[in-house]
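# Architecture and fold: a report
Chain by chain, the residues run as shown.
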Amino acid sequence: MGFSTRQIHAGVTPDPLTGSILTPIYQTTTYVQPSVDEYLSKGYSYSRSGNPTVRALELKLADLEGGVDCICFGTGMAAIQGVMLAFLNAGDHAIISDVAYGGTYRLCTKVLSRFGIEFTFADGSDPDAVAAAVRDNTKLFLTETPANPTMKCSDIAAISKIAKKAGAIHVVDNTFLTPYFQLPLTLGADLSIHSTTKYMDGHNATVGGAVISATQEHSDAVAFIQNSTGSIMSPQVAWLTSQGCKTLSLRMDAQSAIAMTLAKHLETHPKVEQVCYPGLESFAQHELASRQASGYGAMFWFEVKGGLAAGKKLMDNIDVFSLAENLGSLESLITHPVTMTHADVEEAERKRVGIIDGLVRVSVGLEDVEDLIDALDKALEQV
Amino acid sequence: MYFDVNGKQAFATTGGKPFDNKKPAVIFLQGSGLDHTFWGLHSRFFAFRNYAVLVPDFPGHSNSEGPALTSIEAIADWLAKVVETLAVDNISVVAHSQGCLNALEFVSRYPGKVRSVSFIASGLATPVNPGLIDAAENKPESAIAMMLSWGFGHAGHFHQGPIPGNSMIAGGRKIMGGNPDGLASDLKACDAYRNGKAAAAGITVPHQVILAGTDRMAPRKAGMALVGALANPELHIIQESGHMVPIEAPNECRLLLKNFIFANNPAS
Amino acid sequence: MHSTRRSNRSEAMSHFYHFDTLALHAGQTVDGEFGARATPIYQTTSYVFPDTDTASSIFNLERGGHAYSRITNPTVAVLEQRIAALEGGSAAVCTASGMAATFVAITAILGQGDHIIASTQMYGGNISLMKNTLPRFGITTTFVDPTDVDAFAGAIQDNTRLIYGELIGNPGLDILDLDGIVAISDEHHIPFMVDATFNTPYLCKCFDYGVNITIHSITKWMGGHGLAIGGVVVDGGNFDWGATDKYPTITEPYAPFSGLNIWEEFGPSAFATRIRAEAMRDFGATMSPMTAFLLLQGLETLSLRMDKHLSNTKELLDYLSNHDSVSWVSHPDLPSHSSHKLAKKYLPKGAGSIVSFGVKGGRDAGKAFIENVSLASHLANVGDAKTLIIHPATTTHSRIDAEALVAAGITEDMVRLSVGLEDVKDIKADFEDGFRAAKKIAKA
């Protein structure tokens, strides 16, 4: 079945008791067992270990990503942490793409490092650099592509091969493109992770995460860590996210089309120094972006002539776009990574990976493109 | 629908369709102290599937003129008169609790036009605790409380039920409370009835027995005595129900009635 | 049918679950698929039918079931059946608000040319509905003094189809004489509907006295946390609609359902069925599943909360009665209240947690009191877990002159208090701040 059909129907069966067409919100802690001997015969005992509403979302996401199973988490960070704890022990080593969400960077360098796990941040756009970082104790590769916020792309298939050779698992953060545009598991990755907060929900309504595995063994390992550490998704969040998923393809198509229009518009604007969007011919990795994904997403960044001061002025004066963290929602958002999402990354590291001070990150929403262009033009006028 | 039987006014509901005696008929017989509203979740269903539905209030109950009849045999005779008055052919009888005793006696004595009979939650006899008869005569609300308390299973006592927003047990209380006089005479008629075994042996038309898993009014042993006395019963047990099967488990009950009646007394 | 009044007492040789057990369990069938202990939130519009026969039989009211959430919803149904169980009613219909409950209850049986007898002491929204809105559709109301039973009898007209009052009146807190009014409504075959919001079934089960319909704003004590708006109509199942031809909406064939005779086929839940079949379908004042779920959580602790509301009220009555800044205190549990005897009869646990009192120094002192309390929230709701307070003369009734205030039973110094669940010592300490400020104004 096609993606649009599956994004609506996968994981959902009408409630047998009432016929309710949507999965009910099982806002419950516990489940009444038919008898001692039939403990768990209906599949549920306690909502940390499993909940029917959350399960419906997990089955949907597993289907969309082409995985065998999925475990949902309370946040995207919880999903990343769950994967790290499931597959890394003290003394192990992991290779992370050198541009990644600031929270991922912080988790690795400030938290997991305390438990004896070592990290190398390698340039994912250069498979040779990634291969050179492999050590005897390398157990996990985490690739974020396109990367937040630089939009640098990594070759999922190439890195998957390196990981396989090293006997390590390859995890791809697929938040930016979603399974509608990019299927890491079919490119050779072992796990695909998401902040469902972003495009999966799509409405700025919930915070959540998901881990989709290509094998049951990997998924069970993630589930075990989740049940042990408790970072679960709530039934209400799962239910809202399930509703959001139903329009994923529509939103991705519409939002990425608007992003392309805005990127092209800004590229010709006299006050703009550079625009970085994988869909532009000028994007350095345009060939890779076109090869491994069927769309370019709705995230891009640009630099205003005049550097940081000009960028700040634009963001403080812009209409329609909201100055806010998060991305992937219907509301267009504008962010200054250096002071907001990536403030925890040291300046030298930022400079090294290309998070320049004047970088203005845009998450394109679903407003009328004329209003968004008008807002950008008016704000640029004041710069 | 009002009509005259033996010169007295009688009432029956017809399930929301005009009564057409040319169609095959389903006659519903309710238990002690109850009236036509007991069968609301079944009568309308059959009426809208081309059956002539008749749910009579027994004499002295709700809309039918009194006095109440004092023996099962007298009620059977009265039913024969109703059938004769309305000139009904091809009858399926559906009976619950005391209605089953009425049905045993009616069908065995007047088998001519009966095509099938469904017995729900009953045995061959219904011996009644003297304390209950005494309560029914002197303090009907106490007798009603006892019968509701025993009559409904777990789900009923927690006010569950198949109609959204409705408490089945509270509805039962109101129906039963409507006939305090009828209740006492019904219970005495039940207690006095001794002919169940012989009547059961005399039933030759197709018959089914539907028993409830947690019935405290007609326990399993009593129900199985009825099954044993009948020639060739089709037996069903609805586990998750107390005695008040037609309102406690109406969907399961309706499906069993439908399959049985559609097969044995088909409507066009 | 005969009236079954007062048949609800538990009897020897019979066992029924009691109030607190029902408040936790009634109406909920533990879901068979997973066994979830809490009531699932069926946040859905519609329901998949197994086959067309089931679909048509649900639409034709041949069987129960869910078709579309405007009419019924499994989560809302749990709340409805739980309230029916607590009230001792045969059925209940939840609505989007308490006002919607009043409206659908009235319009289920009344039409153009019909007449209501209603108490003067009612929530302003109720009064306005009957005084201003319903007359536009040909339904008129005679308002009578709730303490004068004879006035109810005297107001009866040929076209009277409903008697309506609040058990604990607003704002005077006068108690309806249920026995006296039931005698009149029985004699004239007119249903008697009571707004039982202020008492809840925990303090008084109106059906035990022969009341035929109750309505509630569940927003208030039933839900208890001030977090969701909702109402309910409860069918007592004890009114003989067929005894006269005055109620054709119940006893005559209803065309939209193939000539359904609701009274014949639904008997004790005929009134609720009419609301479901007509008002929920055509007016659509539906409660949302999420609201029902939230209100269910509140309902589970109804008796605990009511006991605490009452014990706090009792302490505050003592405190206020002995306070030198208070000119008067009004509550039916005080021997000085004109309804004290009726309160003891119908509300033996206590006559609710609304108290009104006068602040010495009149209008400005009352205002100063309100402005200088901080724990008590200054707002127009009642029945929250938090203590609420309002000065009617400067807020809800600020646009009417002193003379009209008196007619409405409101004095310029009056403060209305909805006693919450805080530690009563903190409420008293908070009031001390208010009284100090009021005293300064009174002296000035």
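Keep in mind that this is a model prediction, so the values were computed, not measured. (Residues numbered from 1 in each chain as written. Chains lettered and ligands numbered in written order. Predicted model: local features only at pLDDT ≥ 70, side-chain atom pairs only at ≥ 80, totals over all residues. Heavy atoms only, no water.)

This part covers the interface of chain C and chain B. At the junction of the two partners, chain C supplies 54 residues and chain B supplies 50 residues. Between chain C and chain B, roughly 4000 Å² of surface is buried when both sides are summed, and carbon and sulfur atoms account for 53% of that area. At the boundary of chain C and chain B, one finds four salt bridges. Linking chain C with chain B are 20 residue pairs in polar contact (both at pLDDT 80 or more). Those elements that place two or more of their residues in the side of chain C that touches chain B are helix H1 (19–25), helix H2 (52–59), helix H3 (74–87), strand S1 (91–95) and helix H10 (262–266) of chain C. Element by element, the count of residues in the side of chain C that touches chain B is highest for H3 of chain C, at five residues. (Contact = heavy atoms within 4.5 Å. Buried area = accessible area lost by both parts, 1.4 Å probe. Salt bridge = Lys/Arg side-chain N within 4 Å of Asp/Glu carboxyl O. Polar contact = N/O pair within 3.5 Å; in protein donor to acceptor, adjacent residues only side chain to side chain. Helix = DSSP H or I, 4+ residues; strand = E, 2+ residues; numbered from the N terminus.)

Residue and element names in this part refer to chain C. Within the open sheet, the five strands sit side by side as S8-S9-S12-S11-S10. Their pairing is mixed. With one partner strand each, in any of the chains shown, strand S8 (326–330) and strand S10 (377–378) form the two edges of the open sheet. Looking at chain direction, strand S9 (residues 354–359) and strand S12 (residues 414–418) are connected through five bridges and run antiparallel. Bridge pairing in S12 places Ser356 opposite Arg416. Along the sheet, helix H15 (residues 362–372) contacts S9, S10, strand S11 (388–390) and S12; its crossing angle with S9, the most-contacted strand, is approximately 125 degrees. Packed on one face of the sheet, helix H17 (residues 424–443) meets S8, S9, S11 and S12 and runs near 25 degrees to S9. (Pairing = 2+ DSSP bridges. Axes fitted to C-alpha atoms, helices over the stretch in contact; angles between N-to-C directions.)

What follows is about the domain arrangement of chain A. Interfaces are often sized by the amount of accessible area the parts lose when they come together. Residue and element names in this part refer to chain A. Under the domain assignment used here, chain A contains domain 1 (3–245) and domain 2 (248–381). Using C-alpha coordinates to define each centre, domain 1 is positioned 26 Å away from domain 2. Taken together, the contact between domain 1 and domain 2 spans 40 residues of the former and 43 residues of the latter. Of the roughly 3500 Å² buried between domain 1 and domain 2 on both sides combined, carbon and sulfur atoms contribute 56%. Counting across the interface, domain 1 meets domain 2 through two salt bridges. (Domains from an automatic or database assignment.)

Moving on, we come to the interface of chain A and chain C. Counting from both sides, the interface comprises 22 residues of chain A and, opposite them, 21 residues of chain C. Here chain A and chain C share an interface that buries about 1900 Å² over both sides, 66% of which is from carbon and sulfur atoms. Viewed at the interface, chain C and chain A are joined by nine residue pairs in polar contact (both at pLDDT 80 or more).

Residue and element names in this part refer to chain A. Within the structure shown, the criterion is met by 31 salt bridges over all chains. A salt bridge links Lys139 to Asp92, with the shortest nitrogen-to-oxygen separation between them at 3.2 Å. With Lys139 in strand S4 (residues 138–144) and Asp92 in the loop between helix H3 (76–87) and strand S2 (93–97), this residue pair connects regions lying 47 residues apart in the sequence. Because the salt bridges share partners, they merge into one network encompassing Asp98, Asp123, Lys152, Glu349 and Arg352.

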